[in-house]
Amino acid sequence: AGDRRTPRRCRTTPSGGLLTVTSPLWVKGRDHTPPRPSRLCGCLCGLLTLLLWCVAFTREVVAQFPTTNTAVHFHPVEVFVDSKEQPLAAYQIEFAVTNGSAKIVGIEGGAHAAFAQPPFYDPKAMQHERVIIAAFSMEPADKLPKGKIRVATIHLQTEGAAELKPALHLQTAARPDGSKLEAEVTSEERNPK
């Protein structure tokens, strides 16, 4: 290639005339073209743009969820059936929490050997604040409990400081011969954490 020179530039003199100046930017055999931005610079700009987009997206997602500083509490609630002087062979109880947000996280059996195993319940219903528990024993009458006994313990998880108010309904209770038994059901909270 031959010599490459820039076009001439003109500037005015103080007297108002034109003065022609030649400004060679290229020298024969050497190319002094302005340097192009490096690929590293382009990558850094792309990463910075992606980072800013991620921060903006995260702020939008977090803003959709209310920030609360409520503490999580666990409440073991003991369920009692009082069969008076009659032997208790079977029961079915509906348990629910009437205030606040509570979640049933576990169910365990009772104090007497006849009801030591966890009662029957619907695992899907246990996901919410309501559950129906039931149990029966095939033991003879002399090996069944009488009076007030703990038949189950229901473990709850709650948020906030609201007082726990469980509601119970005894759907049925039975004697060893299968006849209906008049009984009372109550609950007590044990050592809340």
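Look up a bit, the structure's there.
Fair warning: this is a prediction, and the values are worked out from it, not measured in the lab. (Residues numbered from 1 in each chain as written. Predicted model: local features only at pLDDT ≥ 70, side-chain atom pairs only at ≥ 80, totals over all residues. Heavy atoms only, no water.)

> What is the right way to look at the environment of Ala114 in this model?
Along the chain, the position of Ala114 falls in the loop between strand E5 (102-109) and strand E6 (130-136). Measuring from C-alpha to C-alpha, the distance between Ala114 and Met138 comes to 8.4 Å, with 24 residues separating the pair along the chain. Once residues lying within four places of it in the same chain are set aside, the contact partners of Ala114 are Ser137, Lys143, Leu144 and Pro145. (Helix = DSSP H or I, 4+ residues; strand = E, 2+ residues; numbered from the N terminus. Contact = heavy atoms within 4.5 Å.)

> Even after reading the chapter, I still don't get unusual backbone geometry, so can you show me in this structure?
Residues apart from glycine generally show negative phi values, whereas peptide bonds are mostly found in trans. Despite not being glycine, Lys84 has its phi angle at roughly 60°, a positive value. Relative to the assigned elements, Lys84 resides in the loop between strand E3 (72-82) and strand E4 (90-97).

> Explain the packing of aromatic side chains to me, please; I cannot follow it from the model alone.
Each aromatic ring pair is summarised here by two numbers: the centre-to-centre distance and the angle between the ring planes. The full count for this structure, using the stated rule, is two aromatic pairs. Seen in terms of ring centroids, Phe120 and Phe136 are 6.3 Å apart; in terms of plane orientation they differ by 15°. Their pairing is stacked. Placement of the pair is Phe120 in the loop between E5 and E6 and Phe136 in strand E6, with a sequence separation of 16 residues. As far as burial versus exposure is concerned, Phe120 and Phe136 are alike and both exposed. Across from the ring centre of Phe80, 5.0 Å away, lies the NZ or CZ of Lys148, which sits over that ring. (Phe/Tyr/Trp six-rings, centres within 6.5 Å; stacked < 30°, edge-to-face > 60°. Buried < 20%, exposed > 50% of the residue type's maximum accessible area, 1.4 Å probe, protein only. Lys NZ or Arg CZ within 6 Å of the ring centre and 35° of its normal.)

> Help me understand the side chain of Thr153 in this model?
Here Thr153 is to be found in strand E7 (residues 148-159). A polar side-chain atom of Thr153 sits 3.2 Å from a polar atom in the side chain of Arg150. Setting aside residues up to four positions removed in sequence, Thr153 forms contacts with Pro76, Val77, Glu78, Gly106, Ile107, Glu108, Gly109 and Arg190. (Polar contact = N/O pair within 3.5 Å; in protein donor to acceptor, adjacent residues only side chain to side chain.)

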